[in-house]
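Architecture and fold: a report
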Amino acid sequence: GGVTRKSLCTQYFELLCKIIEEMPRLRKLKLRTRITSEMSIKSSSLKVIDMMEASAMTLVECICPSLEDVIIECLPISNGAESFQKSLVPVDPFAEDDFDLSSYPSIVRDGCRRFKVGEKPFIGMQVPASCKVNIYGMFF
């Protein structure tokens, strides 16, 4: 087979991952893409990964020992927490009350629900337990 758009995108993201790994002073990474893709990020220096404008991307592996925050957007496709588009996939699926404002009034602010990775693990996340996953979206 010839070169396809999908294979070119895969090669691009693989190259990007290698470049990120080779940047020892990189502190903040802001990803922007509408291309459905998977990404693996390894960085000893990254403190923030902003994926607000990369909702089609899934972070399948994140090995970042200095990471403090991941910022993602979840847009409800239909009713139910299991139907959220996710840039990160939790080990245990989200429950309805994970996004219920009445259950977490002190945690949900400005349309953002924050989870510490040590309390709500995500698949592929090898980061400090104190790292916060900041999920912006429409929560009820």
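You'll find the structure just up there.
To keep things clear, this report deals only with the structure shown in the data block. (Residues numbered from 1 in each chain as written. Predicted model: local features only at pLDDT ≥ 70, side-chain atom pairs only at ≥ 80, totals over all residues. Heavy atoms only, no water.)

Digging into the nonpolar core
- I41, L67 and M125 are the most contacted members of the largest nonpolar core, which totals 31 residues.
- Those elements giving two or more residues to this core turn out to be helix 1 (5–21), strand 1 (28–32), strand 2 (37–42), strand 3 (48–53), strand 4 (57–63), strand 5 (69–74) and strand 8 (132–137).
- At four residues, the largest contribution of residues to this core is made by helix 1.
- In this structure, L67 is in contact with L46, K47, V48, I49, C62, M125, V127, P128 and C131, ignoring residues within four places of it in sequence. (Core = buried A, V, L, I, M, F, W, Y, C linked by side-chain atoms within 4.5 Å. Buried < 20%, exposed > 50% of the residue type's maximum accessible area, 1.4 Å probe, protein only. Helix = DSSP H or I, 4+ residues; strand = E, 2+ residues; numbered from the N terminus. Contact = heavy atoms within 4.5 Å.)

Some details on the pairing of strand 2
- Burial along strand 2 is one-sided: S37, M39 and I41 are buried, and none of E38, S40 and K42, which face the opposite way, are.
- When strand 2 meets strand 4, the two strands line up parallel, connected through six bridges. Counted as the bridge partner of K42 is I63 from strand 4. (Pairing = 2+ DSSP bridges.)

A look at the sheet that holds strand 2
- Taken together, three strands build an open sheet; the order of strands is 2-4-7 and the sheet is parallel. Only two strands of the sheet have a single partner each, and these edge strands are strand 2 and strand 7 (125–126).

Some words on the sheet that holds strand 6 (residues 112–116)
- Taking strand neighbours across the sheet as the criterion, the five strands line up as 1-3-5-8-6 in an open arrangement whose pairing is mixed. With partners counted over all chains shown, the strands left at the sheet margins are strand 1 and strand 6, one partner each. Taken pair by pair, the neighbouring strands of this sheet meet at an average axis angle of 20°, ignoring direction.
- Looking at chain direction, strand 1 and strand 3 are connected through four bridges and run parallel. Within the sheet, the bridge partner assigned to R32 lies in strand 3 and is E53. (Axes fitted to C-alpha atoms, helices over the stretch in contact; angles between N-to-C directions.)

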